[in-house]
Amino acid sequence: MDFMQLVLGGLSGVLVGFTLGLVGGGGSILAVPLMVYVVGVNNPHIAIGTSALAVAANAAMNLANHARRGNVRWDCAAVFAAAGVIGAYGGSTLGKAIDGQKLLFLFALLMLVVGALMLRGRGEGGKTDVRLDRTTGPRLAGLGGLAGALSGFFGIGGGFLIVPGLIAATRMPMLLAIGSSLVAVTAFGLTTALNYGRSGLIDWTLAGVFIGGGLVGGLIGASVATRLAQSRGTLNTIFASLVFVVALYMLYQSFMAM
């Protein structure tokens with residue numbers, strides 16, 4: 001890992017952190033493509049393992065901010081995350097066994113789905129007094145396991161899956177779902193990173209500069225988002241378009257490598 005790659009890693013972290021702060025969930029989906037095509041990480045599995053660690057760290061920092069504002073429903077989040085950790089371990093184990101180029105191809109297809117989901121409107125309705133009970137518990141566990149498996153398989157935070165999963169299970173409003181989802185994003189990312197780290201598939205130096213860049217970018221993105229709050233729909237559309245472009249580029253590269 002040379003100096004220029006570390007610089008590009010830090011700048012990539014700034015970009016991911018900025019998009020997360022600006023438009024919310026989904027920004028971490030850019031981490032793996034940036035690792036591979038901008039930083040120049042040749043092994044897709046190292047890119048996924050390193051990204052998982054960086055995503056977990058950035059999610060933990062954002063979780064602290066949401067927790068201070070009372071936007072986390074800890075009991076619901078804990079059940080979702082506990083079930084998801086099992087799924088994330090299984091998903092990341094399977095992901096390590098699949099050819100790296102095939103994994104990038106599947107990742108590009110997932111990005112197309114993420115872009116489509118980001119174009120959907122985010123409603124603000126829901127029940128603020130949600131609680132863990134015999135109805136919500138099994139729903140949270142089932143959806144958490146599924147989200148964790150996909151998160152672990154692709155080495156992503158999975159917020160775009162976790163947020164709708166929490167809403168579907170409990171009918172909580174979007175703000176609480178976003179805050180609560182960060183518990184699961186942190187847990188899934190750490191599980192995937194530990195699994196990849198055991199196999200020597202994490203570049204720890206690159207992860208450090210990526211996390212540092214993400215912290216700076218997140219602060220800038222959150223500041224800009226406050227000023228552009230009325231344009232959030234437009235920002236989501238712009239970001240979804242970026243995701244589509246990156247996904248198509250990844251598909252092109254995958255076909256060229258075949």
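See the structure printed just above.
Residues numbered from 1 in each chain as written. Predicted model: local features only at pLDDT ≥ 70, side-chain atom pairs only at ≥ 80, totals over all residues. Heavy atoms only, no water.

(A) The arrangement of the overall build of the chain in detail. For the chain, the helix and strand inventory stands at 10 helices and zero strands. Its helices and strands in sequence order give the chain the pattern α-α-α-α-α-α-α-α-α-α, from N to C terminus. In terms of overall dimensions, the chain is globule-like: its C-alpha atoms have a radius of gyration of 17 Å, near the 18 Å expected for 258 residues. Dimensions along the principal axes, computed over C-alpha positions, put the chain at roughly 50 × 40 × 30 Å. Burial analysis of the chain (258 residues in total) assigns 50% to the buried set. Placing the 15 positive and 7 negative side-chain charges of the chain at their respective mean positions leaves the two points 7 Å apart. (Helix = DSSP H or I, 4+ residues; strand = E, 2+ residues; numbered from the N terminus. Rg over C-alpha atoms; globule rule 2.2 N^0.38 Å. Buried < 20%, exposed > 50% of the residue type's maximum accessible area, 1.4 Å probe, protein only. Lys, Arg positive; Asp, Glu negative; His and termini not counted. Charge placed at Lys NZ, Arg CZ, Asp CG, Glu CD.)

(B) Up close: the side chain of Ser 254. With respect to the element layout, Ser 254 can be found in helix H10 (residues 232-257). Residue contacts for Ser 254: discarding those within four places in its chain leaves Gln 101, Leu 104 and Phe 105. (Contact = heavy atoms within 4.5 Å.)

(C) Expanded view of the nonpolar core. In this structure, Ile 29, Leu 30, Phe 107, Leu 110, Met 111, Ile 156 and Met 250 are the most contacted members of the largest nonpolar core, which totals 41 residues. Of all the secondary-structure elements, those providing two or more residues to this core are helix H2 (31-39), helix H3 (44-68), helix H5 (100-118), helix H6 (136-154), helix H8 (174-198), helix H9 (204-227) and H10. In terms of residue count, the dominant contributor to this core is H5 (eight residues). Among the nonpolar cores identified, the runner-up in size contains 26 residues, and Ala 59, Val 72, Leu 176 and Ala 177 belong to it. (Core = buried A, V, L, I, M, F, W, Y, C linked by side-chain atoms within 4.5 Å.)

(D) Main features of the environment of Gln 253. Position of Gln 253 among the secondary structure elements: in helix H10. For the pair Gln 253 and Phe 105, spaced 148 residues apart in sequence, the C-alpha separation works out to 8.7 Å.

(E) Main features of the environment of Phe 255. With respect to the helices, strands and loops of the structure, Phe 255 is situated in helix H10. Between the C-alpha atoms of Phe 255 and Ser 12, which are 243 residues apart in sequence, the distance is 25 Å.

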